[in-house]
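The chain contents come next:
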Amino acid sequence: MPRTDDWGFDDCATSLAGCRYLLVVPIPFFQAADGSVWLDDLWHRDLVRHLDYLDDLTVLAPREPLGDGSGLVMVEPGSGLRFRALPWGRSMAQAALRAPATVLAALRAVRAADIVHSGVAGWPLPPGLFVNPLAVLLGKPLVIVVESAFWRVSGPGPHSRKDRLRADVVERLARWSARKASLAVFTHEGYRASLAPGQDARSIVTPASWIDADDVLDMAQAAAAWQAKEKPVRVLLAARLTEGKGISLLLDALSRPEAQSLALAVDVIGDGPLRPAVAEAAARLGPDRLRLLDPVSYGAPFLTLMRGYHAALVPSITDEQPRILFDAAAQAVPVLASDTEGHRGLVDEGVNGWRFAPGDPAALLATLQR
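Here the structure is a predicted model, which is why all the values come from computation and not from measurement.

Undergrad: Quick question: what am I supposed to make of the overall build of the protein chain here?
TA: The number of helices and strands found in the protein chain is 14 helices and 17 strands. Over its C-alpha trace the protein chain gives a radius of gyration of 22 Å, about what one expects of a compact globule, namely 21 Å for 370 residues. The principal-axis extents of the C-alpha atoms in the protein chain amount to approximately 65 × 50 × 50 Å. When the 370 residues of the protein chain are sorted by exposure, 46% land in the buried category. In the protein chain, the share of contacts with a sequence separation of at least 24, taken over all contacts with a separation of at least 6, comes to 67%. Carbon and sulfur atoms provide 56% of the accessible area of the protein chain, an area that totals close to 18,400 Å². Averaging the coordinates of the 38 positive side-chain charges in the protein chain and doing the same for the 42 negative ones gives two points 8 Å apart.

Written as structure tokens, this is what we have:
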């Protein structure tokens, strides 16, 4: 057998053949009266790729009844993929009341697995709070994946005592889980340094991206895309419209008197709690400064949209590494990004983009002006 550090994809698939793999996530699945399972389109896109190397995959996740099914994709039966319901709640109080049932469901699922793949985040309580200690207690190999650390307190606040307490509890769970895991996977080096210091032998850093080779423009295509871009210059912010994504920061920057001299405009695409605020600002500032666009499907429609812009704007105030960085790079579009750990290793100043101080509307505006 080859050394594991020389393994390729086929070697991993062979080693996992017949292995009962348990994937624990806080993302709900939707079940119809006939028993069929439906998933959010992007989550389905991610999940089915695991079946390329796993032939026995169980997903332990919250279950919701199927509504009208809009925006959802049905999971094909007989694919080696099954789902177990994780009792959950929509509030901290509900989650606490259902904790005994959650522990029982987690115990049954972990006992039936050969490998447990889990995380550390989730609302109102992280599934890993129950699953990870059980996996360690029962001697099951534990794989921990940290894509983002949205539990951390960031930005100007205000931050309540409850927010800080939750952040501290989850941070401790994350460090304990990474220390006990057989393998810890992080999306950037900053997470490994803070959550698994000194554990390089049992951890890897691999960025999260939905980009396939066919999505990447070659040099000729990139040159043609740049020649086809229309004036005036426009930049695109595509994200969930939340505080953590820097939406309020952008609105602050564009509302300043200095923004009147900007020779470009910003288009925003996405849903979220701050969408009404963006709509109000767009109406007030006008389409020559800010537009709010309807969402488009991820994949070819979104990448085609991205290709028409002169830059992508990523003003996040958290330390995550968003997939939009790879979407932009695949379409030869430079990035204007906040100087966070998640962006720093991918946005090379003056080469494929520019970085600005996170949480600073003046710095964001100066970067747009530059």
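Back to the write-up after that little detour.
Undergrad: Just checking my understanding: could you explain helix H4 (residues 99-111) for this structure?
TA: An α-helix turns once every 3.6 residues. As a result, residues three or four positions apart point the same way. The terminal C-alpha atoms of H4 lie 18 Å apart, and with 13 residues this matches the ideal 18 Å at 1.5 Å per residue to within 8%. Contacts from the buried residues of H4 go to strand S1 (21-24), strand S4 (57-61), strand S7 (81-85), helix H3 (92-97), strand S8 (115-118) and helix H5 (128-137).

Undergrad: What exactly am I supposed to notice about the environment of Ala 253 here?
TA: Inspection of the secondary structure assignment puts Ala 253 in helix H9 (residues 247-254). Note: C-alpha distance between Ala 253 and Thr 14 (239 residues apart in sequence) is 53 Å. Contacts of Ala 253, omitting those with residues within four sequence positions, involve Ala 259, Pro 361, Leu 364 and Leu 365.

Undergrad: What's the story with the packing of aromatic side chains in this structure? I'm lost.
TA: Applying the stated criterion across every chain, the model contains four aromatic pairs. On the numbers, 6.3 Å between centres and 80 degrees between planes, the contact of Trp 88 with Phe 130 is edge-to-face. Here Phe 130 lies in helix H5 and Trp 88 lies in the loop between S7 and H3, a separation of 42 residues in the sequence. Both residues of the pair, Trp 88 and Phe 130, count as buried. The ring of Trp 226 has Lys 229 lying over it, and the distance from NZ or CZ to the ring centre is 4.6 Å.

Undergrad: What am I meant to see in the side chain of Arg 152 here?
TA: The topology assignment puts Arg 152 in the loop between strand S9 (142-146) and helix H6 (161-180). In terms of polar contacts, Arg 152 uses its side chain to reach the side chain of Ser 194, at 3.0 Å. Apart from residues no more than four positions distant in its own chain, Arg 152 is found in contact with Ala 167, Glu 171, Tyr 191, Ser 194, Leu 195 and Asp 319.

Undergrad: Mind showing me how you'd approach the pattern of salt bridges here?
TA: Pairing between side chains of opposite charge can happen when the charged atoms of each approach one another. A full pass over the atoms with the stated rule returns 24 salt bridges. Arg 323 is the partner of Glu 147 in a salt bridge, and the nearest nitrogen-oxygen pair spans 3.0 Å. Taken as a pair, Glu 147 in the loop between S9 and H6 and Arg 323 in the loop between strand S15 (311-314) and helix H12 (324-330) lie far apart in primary sequence, 176 residues in all. By relative accessible area, which is 17% here, Arg 323 ends up buried. A salt bridge links Arg 166 to Asp 163; the nearest nitrogen and oxygen atoms lie 3.5 Å apart. Highlighted residues: Arg 166 and Asp 163, both in helix H6, separated by three residues, approximately one helical turn. For Arg 166, a relative accessible area of 22% puts it in the partly exposed group. With relative accessibility at 29%, the residue Asp 163 sits in the partly exposed group. Linked by salt bridges that have partners in common, Arg 152, Glu 171, Arg 175 and Asp 319 make up one network.

Undergrad: How should I be thinking about the environment of Leu 125 in this particular structure?
TA: In this fold, Leu 125 is placed in the loop between S8 and H5. Counting along the chain gives 115 residues from Leu 125 to Asp 10, while the straight-line C-alpha distance between them is 36 Å. Contact partners of Leu 125, with chain neighbours within four places excluded, come to Trp 88, Met 92, Ala 95, Ala 96 and Phe 130.

Undergrad: Teacher, can you tell me more about the sheet that holds strand S17 (residues 353-356) here?
TA: By definition, the strands of a sheet pair up through backbone hydrogen bonds, in either a parallel or an antiparallel sense. Here six strands make up an open sheet; going across it, the order is S14-S13-S12-S15-S16-S17 and the pairing parallel. The open sheet terminates on both sides in strands that have one partner only, identified here as strand S14 (290-293) and S17. Strand-to-strand, the axes of this sheet are offset by a mean angle of 25 degrees, without reference to chain direction. In the packing of H9 onto the sheet, the strands contacted are strand S12 (233-238), strand S13 (264-269), S14, S15 and S17, and the crossing angle to S13 comes to about 155 degrees. Running at roughly 160 degrees to S17, helix H14 (residues 361-369) makes contact with S12, S13, strand S16 (335-338) and S17 of the sheet.

Undergrad: What is the right way to look at the packing of H9 against H14 in this model?
TA: Two packed helices can be described by the angle between their axes and the distance between those axes. Close contact between H9 and H14 brings their axes to 8 Å; oriented N to C, the two are set at 65 degrees. As judged from the angle between their axes, H9 and H14 are roughly perpendicular. You can see that H9 and H14 cross each other, and the crossing is right-handed. Here Leu 249, Leu 250, Asp 252, Ala 253 and Leu 254 of H9 lie close against H14, whose contacting residues are Pro 361, Leu 364, Leu 365 and Leu 368. Residues belonging to the contact of H9 with H14 are distributed by class as follows: eight nonpolar, no polar and one charged.

Undergrad: Is there a simple way to think about the nonpolar core in this case?
TA: General note: in soluble globular proteins, nonpolar side chains tend to be found buried as a group. Ranked by internal contacts, the top residues of the largest apolar core, which has 34 residues, are Leu 22, Val 116, Val 146, Trp 151 and Phe 186. For this core, the elements supplying multiple residues, two or more each, are S1, H4, H5, S9, H6, strand S10 (183-186) and helix H7 (189-195). Not counting residues up to four positions away in its chain, the partners in contact with Leu 22 are Thr 58, Leu 60, Ala 109, Val 110, Ala 113, Ile 115, Val 116 and His 117. Ranked by size, the runner-up nonpolar core spans 27 residues in total, among them Leu 237, Val 266, Leu 274 and Ala 311.

Rules of the game
Residues numbered from 1 in each chain as written. Predicted model: local features only at pLDDT ≥ 70, side-chain atom pairs only at ≥ 80, totals over all residues. Heavy atoms only, no water. Helix = DSSP H or I, 4+ residues; strand = E, 2+ residues; numbered from the N terminus. Rg over C-alpha atoms; globule rule 2.2 N^0.38 Å. Buried < 20%, exposed > 50% of the residue type's maximum accessible area, 1.4 Å probe, protein only. Contact = heavy atoms within 4.5 Å. Areas by Shrake-Rupley, 256 points an atom, 1.4 Å probe, with all protein chains shown as cover. Lys, Arg positive; Asp, Glu negative; His and termini not counted. Charge placed at Lys NZ, Arg CZ, Asp CG, Glu CD. Expected span 1.5 Å × (residues − 1). Phe/Tyr/Trp six-rings, centres within 6.5 Å; stacked < 30°, edge-to-face > 60°. Lys NZ or Arg CZ within 6 Å of the ring centre and 35° of its normal. Polar contact = N/O pair within 3.5 Å; in protein donor to acceptor, adjacent residues only side chain to side chain. Salt bridge = Lys/Arg side-chain N within 4 Å of Asp/Glu carboxyl O. Pairing = 2+ DSSP bridges. Axes fitted to C-alpha atoms, helices over the stretch in contact; angles between N-to-C directions. Parallel < 35°, antiparallel > 145°, perpendicular 65-115°, else oblique. Left-handed = near helix turned anticlockwise from the far one by under 90°. Nonpolar A, V, L, I, M, F, W, Y, C, P; charged D, E, K, R; others polar. Core = buried A, V, L, I, M, F, W, Y, C linked by side-chain atoms within 4.5 Å.

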